[in-house]
Amino acid sequence: MSMELTSIIQTHYTPMKNRYLLLIIVLFPLLVKAHKPKKPTLIVYGHDIEAFSAAIQSAKSGVPTLWVVDSEKLVPAVTEVRTAVRTNDNLDAGIWRTLLLASHPAMTPSDSTVKSIRVDMNPQLMKNAVDRLMAQEPNLSVQKGQKIIGLKNGGNRWQVTLANKQKYEVAVLLDFSNTEELSQLIGFKPSATTEVKPIEQYTTAEQRLWMASGIGPNRVMAFAMDTFLSGYKDNYFNMRHLIISLGNETEYVPLRSNIGQALGAIGGYCAFFKTSADKIDVRKAQDELLQYGAKLIPYQDIPVDDPFALGIQKFGLTSLWQEPLSDGKYLFHKDDRISFENVKPVFNQLYSRSQIWFLDNTGDYLKWKDALSLIKYVSQRGDELDKQIEQEWVKKLRFEGTFELEQYISKYQFAVIVDRYCNPFVVRVNAEGKIVR
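Reading guide: rules and limits
- Throughout this document, residue positions are counted from 1 along each chain, in the order its sequence is written.
- Note on the predicted model: pLDDT of at least 70 is required for a residue's local features to be given, and 80 or more for side-chain atom pairs to be given and counted; whole-chain, interface and lining totals, by contrast, use all residues.
- The basis for the side-chain values is all heavy atoms of the structure; hydrogens and waters are excluded.
- Note on conventions: DSSP H or I runs of at least 4 residues are helices, E runs of at least 2 residues are strands, and numbering of each starts at the N terminus.
- Any two residues whose heavy atoms approach within 4.5 Å are treated as being in contact.
- Within this scheme the basic residues Lys and Arg register as positive and the acidic residues Asp and Glu register as negative, but His and the chain ends are omitted.
- Think of each charge as sitting on NZ of Lys, CZ of Arg, CG of Asp or CD of Glu.
- Following DSSP output, two strands are said to pair if at least two bridges run between them.
- All axes here are fitted lines through C-alpha atoms, helices being fitted over the stretch that makes contact, and every angle between N-to-C directions spans 0 to 180 degrees.
- For this classification, under 35 degrees means roughly parallel, over 145 means roughly antiparallel, 65 to 115 means roughly perpendicular, and everything else is oblique.
- For any helix crossing, the convention is left-handed if the near helix is rotated counterclockwise from the far helix by under a right angle, and right-handed if that rotation is clockwise.
- Here the nonpolar group is Ala, Val, Leu, Ile, Met, Phe, Trp, Tyr, Cys and Pro; Asp, Glu, Lys and Arg are the charged ones; every other residue, Gly included, is treated as polar.
- The span one expects for a helix is its residue count, reduced by one, times 1.5 Å.
- Using a 1.4 Å probe on the protein chains alone, a residue whose accessible area is under 20% of its type maximum counts as buried, one over 50% counts as exposed, and one in between counts as partly exposed.

Glancing now at the overall build of the protein chain. Looking only at helices and strands, the protein chain has 19 helices and 15 strands in total. Taking the principal axes of its C-alpha atoms as reference, the protein chain extends roughly 85 × 65 × 45 Å. Considering only residue pairs separated by 6 or more positions, the protein chain has 68% of its internal contacts joining residues 24 or more positions apart. Both charge centroids of the protein chain, one from 52 positive and one from 48 negative side chains, sit 8 Å from each other.

Encoded structure:
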């Protein structure tokens, strides 16, 4: 029993208060334990937007997280001077979006609100937002103005020593620092440069492995799982080489945040499931990111606040087809028609039953009657689906026009109903992005 509690009992004890004091005595150890921070199982090291986003994501994923800030300044990319990002329309997502909205909590969340904040970011309001978001995470603790001076691999744990002599043992370490000090401590030399593949060079299989996207130097970019393993050793992740490759321009701050969030989910997965990065279930890691608003497929014509944005993200990650760049933009082309030829190969990989359907059904472009017939066949649904679509056309599906079976179905409509009634995203993929039934 603490000295303070003993003093309280001696000062206030009376027979009438006996029961209340006994209750305090019983509950006091539990109250102390409840407020005691959990021992971290993951450390994030660094001070800027990517470290912040990784720490927030890891904490949101239920992982006790310690953010060791190797500076007195938190997130200087947006908290030091008034800044503006002007090229991120329809891509402000995930923790980056949450941070922007937290800087103006009284404003109605929407794409237009986010854009108005993004093009004129007040440093003091952004500081307040950083503090506000950190305070909301019970799994997050912060050590500010500290350096890691010791790092050893103790089997399946990293033994970490801070400059203030505090020591930790953690399963995962995410290094966003601007130096190679930690890598040198463990004799690890990450790739000096990272050659990020242009988005148009990804195969449909590789697209299924995308973990982050956004506007980078002169182009829209996407990053697959292997990018995050290029600086990896025994659950130590060094991302300095990747961040350096993007540069310090303010326009790329949202992408840096997205990269940090992705690594927060990847590292959090390893810590939570006590596993290594090579054993990550990509779909589970992607789903974790999507649950916290990340945009992994950078469709620039699908607003983040589109009512079916999440479903279209999941649909895109199944890679039924891949979109070519249009004037440097990555677009979904939501109003385009869908050919049988586009749908058939991947549908046959996702659902063995569809092979029989395609033997009996051919044509140029899918009409509503074809799409519903295919969905009913692979999901083993009856004709009641037609009636359900018709009833939900306006209020739930928010489609324009009227429901007619003989009309051609658009890419947007197809994505919405396939995600809704077939859920292809749950089908596993392997490390190469190949579908695993």
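The next thing to look at is the pairing of strand β4 (residues 148-153). Strand residues, when the strand is regular, have side chains that alternate between the two faces of the sheet. Strand direction decides the pairing type here: β4 and strand β5 (residues 158-162), joined by five bridges, are antiparallel. By the bridge assignment for β5, N153 is matched with W158. Remark: four residues form the turn of the hairpin made by β4 and β5, two consecutive strands paired antiparallel; G155 in that turn has positive phi of roughly 80°.

Attention now moves to the packing of helix α17 (residues 368-379) against helix α18 (residues 384-392). For the pair α17 and α18, interaxial distance at closest approach is 10 Å and the crossing angle is 125°. Looking at the two axes, α17 sits oblique to α18. The way α17 lies across α18 gives a crossing that is right-handed. Across the interface between the two elements, W368, L372, I375 and K376 of α17 pack against L385, D386 and I389 of α18. Its residues assigned to classes, the contact of α17 with α18 shows five nonpolar, no polar and two charged.

On to the sheet that holds strand β6 (residues 167-170). Pairing within the open sheet is antiparallel, and its three strands lie in the order β4-β5-β6. Of all the strands in the sheet, the pair left with one neighbour each is β4 and β6. When the angles between neighbouring strand axes are averaged without regard to direction, this sheet yields 20°.

In a regular helix each residue adds 1.5 Å, so 12 residues correspond to 16 Å; α17 covers 16 Å between its end C-alpha atoms and thus fits that length. Along α17, the positions that sit buried rather than exposed are W368, D370, A371, L372, L374, I375, K376 and V378. In this structure, the buried residues of α17 make contact with α15 (340-350), α16 (354-360), α18 and α19 (411-421).

The analysis is restricted to geometry; functional conclusions fall outside its scope.
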